[in-house]
Amino acid sequence: MTPSVDEALAWLDDPGLLERARRVRDDAWGATLTYSPKVFLPVTNLCRNRCDYCSYRRSPGDAGERTMTRDDVERELARAETAGCKEALLCLGDKPEKAFSAYRETLAGFGHASTVSYLVELGERALARGLLPHTNAGLLTRDDMIALRRVNASLGLMLESASERLCAPGMPHHRAPDKRPRARLAMIAEAGRLKIPFTTGILIGIGETTRERAEALLAIRALHEEHGHVQEVIVQPFRARPGVVMDRAPEPSDHELAATVALARLVLPPDVSVQAPPNLSPDGASLLISAGLNDWGGISPVTPDFINHLHPWPEVSRLRAACEAAGFALAPRLCVYPGHMGHDFLDPSLRAPVDRAARELSA
Ligand code: SF4
């Protein structure tokens, strides 16, 4: 039964919170935790938004501005194929072609009139190398998602927060028009209508209250109950970085993160995967496992986490040792979960690549 916000908040005060969440995880997901071996392709870091915590975005002419050419992408895909990766994460800033004429010229030089058209080509290139694309390109229209669905095993958009308050002057999303919660919830709902396996999540420690965290998780639950497409929810902690507006803002502790993971586990339906990135809590693995986490998200043997560049991925062998110390196996997975591999959710042209990738993972 769907809890109320007040019921969810009461769980946070319950000393048995983590144990309850663990039981739900154990019943639904068993004794194996998962991760997705991936290559991270930062297709462009140009973005029209300016979130107060972001160290990734650039404007044209900024130091570190970068848009990957198809040759750049091919090079990384080749390395990923050799390393046994199965996911190609295509990640980029929001609506760069709306904001920057220089970027529109770059795209035209690639032979594309839109970012989405370029992403479709890159998705086809990833599939040709046996990698399953998962694209997170910010807010997308229905037509964008129809185009991307054909070459993506799943799509993603972090909800981050359902609080309009964080968009007010002085708050972290004030200069980020694409972070309006209504627009993000509408896109996630549209993805559901299009039957796209979907990844979303919340970002904690950016000025939201615990009530707003619970409200965001309940909003995701409501969308999943209506459309059945939310396959995983990320609980991501804010991490301060030099050079951003929030460079001195306090970070959530591992305990606060663990409590939020447990809350997510109890608020969301048991079949929705709950993950937290291991590189953002390098000493928190056993605590997160004890809080009901069942997945670590993508880990790349070939590329850094370009969004959180100060936080290297853990060695898989070390993460496996932490899982085993807690009584769990660690196994690789695809960027589409088994529950979303059916004909309802996958474009027919992706059936064979997904089956092949699944066979290779289990070999
Ligand atoms: S967090 Fe995403 S949307 Fe916000 S500025 Fe950075 S790249 Fe753009």
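This one's a predicted model, so the numbers in the text were calculated from it and none came from an experiment.

Engineer: Now, about the nonpolar core: what can you tell me, with residues and values included?
Structural biologist: Formed by 94 residues in total, the largest nonpolar core has its most connected members in Leu41, Ala88, Val261 and Ala262. Here this core gets 9 residues from one element, more than from any other, and that element is helix 10 (residues 254-267).

Engineer: Tell me about the packing of helix 3 (residues 70-83) against helix 6 (residues 115-128), residues and numbers included.
Structural biologist: If you want to describe how two helices pack, look at the angle between their axes and the distance between the axes. For the pair helix 3 and helix 6, interaxial distance at closest approach is 10 Å and the crossing angle is 25°. Between helix 3 and helix 6, the angle falls in the class roughly parallel. At the point where helix 3 passes helix 6, the crossing takes the right-handed sense. On helix 6, the residues that touch Arg70, Val73, Glu74 and Leu77 of helix 3 are Leu122, Arg125 and Ala126. Of the residues contributing to the contact of helix 3 with helix 6, the split by class is 4 nonpolar, no polar and 3 charged.

Engineer: An account of helix 3 is needed here, citing residue identities and associated values.
Structural biologist: The terminal C-alpha atoms of helix 3, which comprises 14 residues, lie 20 Å apart, in line with the 20 Å expected from a rise of 1.5 Å per residue. Here helix 3 has its buried residues at Val73, Glu76, Leu77 and Ala80. End-on, the buried residues of helix 3 take up no more than an arc of 105°, which puts them together on one face. Looking at helix 3, the residues exposed on the side facing more than 90 degrees away from the buried face are Asp71, Arg75 and Thr82. Where helix 3 is buried, its residues touch strand 1 (32-44), strand 2 (87-92) and helix 6.

Engineer: Kindly report on the environment of Phe110, identifying the contributing residues and their values.
Structural biologist: With respect to the helices, strands and loops of the structure, Phe110 is situated in the loop between helix 5 (101-109) and helix 6. As a C-alpha pair, Phe110 and Ala186 span 76 residues in sequence and 31 Å in three-dimensional space.

Engineer: Mind laying out unusual backbone geometry, listing which residues take part and the relevant values?
Structural biologist: Unlike most non-glycine residues, Lys95 shows phi in positive territory, near 45°. As for its position among the elements, Lys95 is in the loop between strand 2 and helix 4 (96-99). Residue class for Lys95 comes out buried when judged on the 20 C-beta atoms lying within 10 Å of it. Of note in this structure, Glu160 is not a glycine but carries a positive phi near 70°. Of note, Glu160 is situated in the loop between strand 4 (154-156) and helix 8 (181-193).

Engineer: Talk me through the pairing of strand 6 (residues 230-237); I want residue IDs and the actual numbers.
Structural biologist: With 8 of 8 residues buried, strand 6 is to be regarded as a mostly interior element. The pairing of strand 5 (residues 198-204) with strand 6 spans 7 bridges and is classified as parallel. By the bridge assignment for strand 6, Ile204 is matched with Pro237. Chirality of the crossover, the property in question, places the unit of strand 5, helix 9 (residues 210-227) and strand 6 among those that are right-handed. With 3 bridges connecting them, strand 6 and strand 7 (residues 273-275) associate as parallel partners. Paired with Glu232 across the two strands is Ser273, which belongs to strand 7. Crossover handedness for the path strand 6 to helix 10 to strand 7: right-handed.

Conventions and cut-offs
- Residues numbered from 1 in each chain as written.
- Predicted model: local features only at pLDDT ≥ 70, side-chain atom pairs only at ≥ 80, totals over all residues.
- Core = buried A, V, L, I, M, F, W, Y, C linked by C-beta atoms within 7 Å.
- Buried ≥ 20, exposed ≤ 12 C-beta atoms within 10 Å, placed from the backbone.
- Helix = DSSP H or I, 4+ residues; strand = E, 2+ residues; numbered from the N terminus.
- Axes fitted to C-alpha atoms, helices over the stretch in contact; angles between N-to-C directions.
- Parallel < 35°, antiparallel > 145°, perpendicular 65-115°, else oblique.
- Left-handed = near helix turned anticlockwise from the far one by under 90°.
- Contact = placed C-beta atoms within 7 Å.
- Nonpolar A, V, L, I, M, F, W, Y, C, P; charged D, E, K, R; others polar.
- Expected span 1.5 Å × (residues − 1).
- Arc of directions from axis to C-beta.
- Pairing = 2+ DSSP bridges.
- Right-handed = clockwise from strand over helix to strand, strands pointing away.

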